[in-house]
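Listed below are the residues making up each chain.
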Amino acid sequence: MTQDLTDLAAFVTVARAGGFREAARAGGGSASRLSEAVRRLETGLGVRLLNRTTRSVAPTEAGMRLLERLGPALAEVESALDVVNGFRDRPAGTLRLNVPLSAARLVLPALVPPFLAAYPEIRLEVVVEDGFVDVLAAGCDAGIRYDERLEQDMIAVPIGPRRQRFATAASPAYLDRRGRPEHPRDLLAHACLLGRFPSGALTAPWEFERDGDIVRVDPSGPLIVRVAASDLAVEAAVAGTGIVHLFEDWLRPQLASGALEPVLEPWWQVFSGPFLYYPGRRLLPAPLRAFVDFVGAEASRARAASDHVGSYAS
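Presented here is an overview of the structure given in this document. Keep in mind that what you see is a predicted model, and the values were worked out from it rather than measured.

Definitions and limits used
- Residues numbered from 1 in each chain as written.
- Predicted model: local features only at pLDDT ≥ 70, side-chain atom pairs only at ≥ 80, totals over all residues.
- Heavy atoms only, no water.
- Pairing = 2+ DSSP bridges.
- Helix = DSSP H or I, 4+ residues; strand = E, 2+ residues; numbered from the N terminus.
- Axes fitted to C-alpha atoms, helices over the stretch in contact; angles between N-to-C directions.
- Parallel < 35°, antiparallel > 145°, perpendicular 65-115°, else oblique.
- Left-handed = near helix turned anticlockwise from the far one by under 90°.
- Contact = heavy atoms within 4.5 Å.
- Buried < 20%, exposed > 50% of the residue type's maximum accessible area, 1.4 Å probe, protein only.
- Phe/Tyr/Trp six-rings, centres within 6.5 Å; stacked < 30°, edge-to-face > 60°.

Thoughts on the sheet that holds strand β6 (residues 154–158)
For step 1, the next point in the chain: An order of β4-β3-β5-β15-β6 is seen for the 5 strands of this open sheet, with the pairing classed as mixed. Across the chains shown, the open sheet's two edge strands, defined by having one partner strand only, are β4 (122–128) and β6. In this sheet, neighbouring strand axes are inclined to one another by 25° on average, regardless of whether the strands run parallel or antiparallel.
For step 2, the next point in the chain: By the bridge criterion, 3 bridges tie strand β5 (residues 142–145) to strand β15 (residues 275–279) in an arrangement that is antiparallel. Bridge pairing links Gly143 to Tyr277 in β15.

The structure is reproduced here in structure tokens:
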């Protein structure tokens, strides 16, 4: 039985968005047209695909099975149609990236404005998720993750800074009141501000390293925030509530202003930067190919600048 591809795409969009209005807002369409398309699909298949309530829309078991198979299939169809983009003067279309909050905050701001300026016919959609996801099943073209969280069978290219550190800091007033830790284990006697991933796991233990000696501590404290609300932990640290442990670049403004004071800086752990990863398909969608090439060119310029500074200094 042949079903209209537009109706199938409408079902996938609504199921992923969790509602007709949400799907319409995301895609710039009409909620009523999406509803009609899903109704036609259900009638044609003779089975209900979505359970509808006044508050939400969720796939039925049959809908979930169809969604699992349609996601990758529609991605392949989009990729095939996108081949035509190669004959355009400029790539066009939508590029969907799935990224953790840290990348949205620390990596993309330096890349997105010049990329969109260079490719005005590309529309970029950024989905922020800190959990481990299948980018294709999530309806995205590519993702950004750190190496230990990369999906298998994916191509990975460096993006953003290649060396990062986790920084530990507190307000001078807090440290004057509670004392300055000299060893990571001293944190066990301090008020520490913790995060929680969407999975429910805490952003602990905190890990430190110095001269090959790795120390992990499992601190506690008066505040736990979802990773998406990490700025609240930073503000609480500035206010003197406790010690925060985050990306150094995230805390740089407060460290530079003196609102936060480094804690245990010789122990701050260095780790490799993130990667842009995407399926190893022979034909990439034109917007993704443009972004991959743009990221590679930016990385080459950064290396050249670093080499120039190094040679000048020597």
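Having seen the model, we can carry on.
What to know about the packing of helix α8 (residues 230–238) against helix α9 (residues 248–257)
Two quantities define a packed helix pair, namely the angle between the axes and the distance from one axis to the other.
For step 1, the next point in the chain: Two numbers describe how α8 lies on α9: the axes approach to 12 Å, and their chain directions differ by 30°. When the axis of α8 is compared with that of α9, the two are roughly parallel. Regarding α8 and α9, the two cross each other, and that crossing is right-handed. In this structure, α8 uses Ser230, Asp231, Val234 and Val238 to contact α9, whose residues at the interface are Trp250, Leu251 and Gln254.

Here we look at the environment of Tyr277
For step 1, the next point in the chain: Mapped onto the elements of the fold, Tyr277 is located in strand β15.
For step 2, the next point in the chain: Judged by relative accessible area, Tyr277 falls into the buried class, the value being 1%.
For step 3, the next point in the chain: C-alpha separation for the pair Tyr277 and Met154, spaced 123 residues apart in sequence, amounts to 6.1 Å.

Some thoughts on the packing of aromatic side chains
For step 1, the next point in the chain: Within the structure shown, the criterion is met by 8 aromatic pairs.
For step 2, the next point in the chain: Between Phe115 and Tyr119, the aromatic rings sit 5.2 Å apart at their centres with planes inclined by 45°, giving tilted as the arrangement.
For step 3, the next point in the chain: Exposure remark for Phe115: the relative accessible area of 0% places this residue in the buried category.
For step 4, the next point in the chain: Through a chain of ring-to-ring contacts, three or more aromatic side chains come together here, namely Phe115, Tyr119, Phe291 and Phe294.

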